[in-house]
Every structure is written in C-alpha cells, then in structure tokens.
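Residue-level listing of the chains:
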Amino acid sequence: GRQNEDNEDFLPTGETSIDSYPNWLKFHIGINRYELYSRHNPAIEALLQDLVSQKITSVAMKSGGTQLKLIMTFQNYGQALFKPMKQTREQETPPDFFYFSDYERHNAEIAAFHLDRQVKWVCIKRKVKILILDFRRVPPVAGRLVNMTREIRDVTRDKKLWRTFFISPANNICFYGECSYYCSTEHALCGKPDQIEGSLAAFLPDLSLAKRKTWRNPWRRSYHKRKKAEWEVDPDYCEEVKQTPPYDSGTRILDIMDMTVFDFLMGNMDRHHYETFEKFGNETFIIHLDNGRGFGKYSHDELSILVPLNQCCRIRKSTYLRLQLLAKEEYKLSLLMKESLLKDKIAPILYQPHLEAMDRRLRIVLKAISDCIEKDGYINVVENDFNTDVNTVTTER
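Everything numeric in this text was worked out from a predicted model, so none of it was measured. (Residues numbered from 1 in each chain as written. Predicted model: local features only at pLDDT ≥ 70, side-chain atom pairs only at ≥ 80, totals over all residues. Heavy atoms only, no water.)

## As for the nonpolar core
Grouped burial of nonpolar side chains is what soluble globular proteins tend to show. Counting 100 residues, the largest nonpolar core has Leu70, Leu115, Ile152, Phe175, Trp219 and Met337 as the members making the most contacts within it. Examining the composition of this core, we find that 10 residues originate from one element, helix 9 (residues 252-266), more than from any other. Split by domain, this core shows at least three residues from each of two domains, domain 1 (22-202) and domain 2 (212-383). Once residues lying within four places of it in the same chain are set aside, the contact partners of leucine 115 are Ile132, Leu133, Phe262, Leu265, Met266, Leu333, Met337 and Met358. (Core = buried A, V, L, I, M, F, W, Y, C linked by side-chain atoms within 4.5 Å. Buried < 20%, exposed > 50% of the residue type's maximum accessible area, 1.4 Å probe, protein only. Helix = DSSP H or I, 4+ residues; strand = E, 2+ residues; numbered from the N terminus. Domains from an automatic or database assignment. Contact = heavy atoms within 4.5 Å.)

And the structure:
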C-alpha cells in the first residue's frame, strides 16, 4: 500500500515528484470532470496560504469587464485575480441601483468560496466532516492586505495603470485604473495611507491548456432598465429549456438548480453566463466564477433569483439533504459560515446581518422545494444522485 502511494508521487518518467510542484499547479492537476478540487486535497489550504503570503512580482489590469480588476503574478509563477475593496462591510447596495451597475465586492468573492466548500470536523457517532454546500466549484479565494506602493505601483509594467496613481488631499496613495464603470478620480481606491484590502482568486489553468466553454444562462436577466426577460413573463419557460440541449439530458439542469440555490443564498442577481471545461463535454460541473455581486443586501431577499427552481421543480438529493442539515440548529448555515470565514486574514468577512439573511433564505429555498414536492411528488422533484449500495454520491453528481 504505502509503496504504491509513493510511486504515485512520480510522473511516468520517474523524474519529478508532484510534491515539488507549486500549490497552484497541484490545484490545476487535481481538477476533474466532477469538481475543481477534491474534498481532501491538502494543496487547497496551502494555496490559500500562498495567495496571502507569496511575494507579488508583477501586476497588470485585466481587460474587459466593467470594473477594475488586477492580475497579480507571484514569485512561484502562480497568478490570481485581485478585486479591491469598494464598500465597507456594513454598506448595502443603494436601493436605486440596478443589479448591473452594482459594485463588485471583494468580501463577496471570499464568502462565496467558503459557502461553496467545506468547513470543519464534528462528532456525530463517528467523526464526520460537516460541509457547507460541498459543491467545490469556486476557485480558491483569500483576502489580503496589499501595499499599493510596493506591491502594485512599483511592480507594474502597465503604464496605463501606473499613470492613474496620485496622492490625495488627505495624503493617501490612490489609483483608479481603466475600466468602463467606477474608474475615475472620484471613484479612486485610496489607502490609509497606502494599504488596500482585496480578494485574490486563484487562476484556473491557462485557456491554451484547458479551454472553457461559455454558456448563456437560460435564466439570464434582460440587463435593460425596462425590458423583461422571457422567463419573467412565461411561467412554463422551464419546459422550453428542458427540451433544448444541453438541458434535455444529463445533469446540466440539476447543476443550474445548484447554482440557483447558491446565488439565492448570496443574493447574486448577476449570473448572465457560466462556464464549463470543454474537455469534459456536457457531463461536467458548472464553474461558479465571478461572485462579486453577491451579499449586496441583507434586508431584502431577491425572490426572482429562485425562479429556475420554482419553474423546474428539480433538485439533487445530495443538495436537498445538505440544505436540510444546514437548517438544523446544531449545523446552522450562518454559524458554519461565520466559523469558516474566521480563517481568512481579513476577517470578519461578512456583516452579521448578511449571515442571518442566509438562514432566512435557506428556509425560503426549503419551502420552495417542499411546495414542488407537494405539487409534483417527491420522485419527480428529488433526483437520487446517491449510489444505492453505499451511502456515497455517485459520479453523476
């Protein structure tokens, strides 16, 4: 047994031990058809540590997108996407803002990663791991305090970025970069005097190595101040979707339902497209990328996010059981999230009312599922993705 395990540390050439690879590469190698990383992959914790401690060797602006994002390269050649802090933890999205002009929040990116994964060991008869959603479809994200002078201005070769640095009247270092929203002197990001907080999301493998396919979300919003999308006016819209590839077979519609629950718990209305790895075809998971518009409002639950679930009335059994567990007092979603988020360097990540809003939204999701079961019957709503012989989730998850 042990000898075989040792052999697995070597490539077929017998030259390089995987142990010597940087953590970002171990993360990339571990990606498979069903998840971005396995439940017990030690490289993920190590990678989170790298994101906050590795020396930043170069910085560039990410092109495209509406708001400023920076690509940071580390000493070990890993890369991450930096989203700077724009709002304090307590600030809510202003009520007159449209979802498409909302700020992207660095803490929402961090919280989304924790919500999507696992949290801790507890004892129930035997030692078992209590997970949060256990999807493992969000690339690792960690919060970091960055020195704007030493770690951005002095290491960037991006002249357009460099030119936007200035010293404010309060003697703080500021910059604003180039983008289509909120990149101006009035919306500058200022340090105190030169520290800035942000989220760092580990890059996925380069597109030249692992091509990704971009899919239009069938429940995409209109992104228009007056127009409504088709799903908002047609209550039978899901029937139409279920007859269209890739939703007419396989697990894709169940993946959309998982993503719907994930987004509703966070209050994220901005899921216009989603991506999958091309190599795995249609039988693969949805990557939960770009979650910065979650956690904008704790005083409002955006019920329209749940429309796909209400219309399709389908859910994986593994997801349903986990949601039921997280509604129990002893595994309360808000408490597990709070505990998980404490591990981040820039904790606290979420303002307490956001945590409480998640418990409230979870009850709404469970009510929606029970209404579906009442209407269509358990067997037609809850998809058994468990292997009947052993109590494990099959690879069809």
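## What to know about the sheet that holds strand 9 (residues 189-190)
With respect to topology, 3 strands assemble into an open sheet ordered 7-8-9, the strand pairing being antiparallel. Here the strands that pair on one side only, and so sit at the sheet edges, are strand 7 (166-167) and strand 9. For strand 8 (residues 173-175) and strand 9, the ladder comprises 2 bridges, and the chain directions are antiparallel. Considered in strand 9, the bridge of phenylalanine 175 is made with leucine 189. (Pairing = 2+ DSSP bridges.)

## Remarks on the pattern of salt bridges
Taken as a whole, this structure holds 28 salt bridges when the rule is applied. In this structure, glutamate 197 engages arginine 89 in a salt bridge whose closest nitrogen and oxygen atoms are separated by 2.8 Å. With glutamate 197 in strand 10 (residues 195-202) and arginine 89 in the loop between strand 3 (79-84) and helix 4 (106-116), the pair connects residues that are 108 residues apart, well separated along the chain. What makes arginine 89 buried here is its relative accessible area of 11%. (Salt bridge = Lys/Arg side-chain N within 4 Å of Asp/Glu carboxyl O.)

## Considering the UniProt feature "active site" (unreviewed entry) in the chain
The UniProt record annotates "active site" (unreviewed entry) at Asp270. Along the chain, aspartate 270 turns up in the loop between helix 9 and strand 12 (273-277). Residue aspartate 270 is classed as buried on the basis of its relative accessible area of 13%. In contact with aspartate 270, not counting residues within four places along its chain, are Tyr223 and Arg293. At 2.6 Å, the side chain of aspartate 270 forms a polar contact with the side chain of tyrosine 223. (UniProt positions renumbered as here; feature names shortened; annotations may be inferred. Polar contact = N/O pair within 3.5 Å; in protein donor to acceptor, adjacent residues only side chain to side chain.)

## Concerning the state of the cysteines
Per the counting criterion, the structure on display carries 4 disulfides. Across the disulfide, cysteine 174 is cross-linked to cysteine 190 (sulfur-sulfur distance 2.1 Å). Taking the sign of the S-S torsion, 110° for the link of cysteine 174 and cysteine 190, the bridge is right-handed. Pair noted here: cysteine 174 is in strand 8 and cysteine 190 is in strand 9, with a separation of 16 residues, a long-range link. The exposure class assigned to cysteine 190 is partly exposed, which follows from its relative accessible area of 39%. A sulfur-sulfur distance of 2.0 Å marks the disulfide that ties cysteine 238 to cysteine 312. A torsion of 110° about the S-S bond marks the disulfide between cysteine 238 and cysteine 312 as right-handed. Residue cysteine 238 is found in helix 8 (residues 237-241), and its partner cysteine 312 is found in helix 10 (residues 307-312); the two are separated by 74 residues along the sequence. Take cysteine 238 and cysteine 312: they sit in the same class, and that class is buried. (Disulfide = S-S within 2.5 Å.)

## Remarks on the packing of helix 12 (residues 333-341) against helix 13 (residues 352-376)
The interhelical angle for the contact between helix 12 and helix 13, taken along N-to-C directions, is 140°, at an axis separation of 8 Å. In terms of orientation, helix 12 lies oblique with respect to helix 13. In the crossing of helix 12 with helix 13, the sense of the turn from one axis to the other is right-handed. Across the interface between the two elements, Leu333, Ser334, Met337 and Lys338 from helix 12 touch Gln352, Leu355, Glu356, Met358, Asp359 and Leu362 from helix 13. Residues that form the contact of helix 12 with helix 13 fall into these classes: 5 nonpolar, 2 polar and 3 charged. (Axes fitted to C-alpha atoms, helices over the stretch in contact; angles between N-to-C directions. Parallel < 35°, antiparallel > 145°, perpendicular 65-115°, else oblique. Left-handed = near helix turned anticlockwise from the far one by under 90°. Nonpolar A, V, L, I, M, F, W, Y, C, P; charged D, E, K, R; others polar.)

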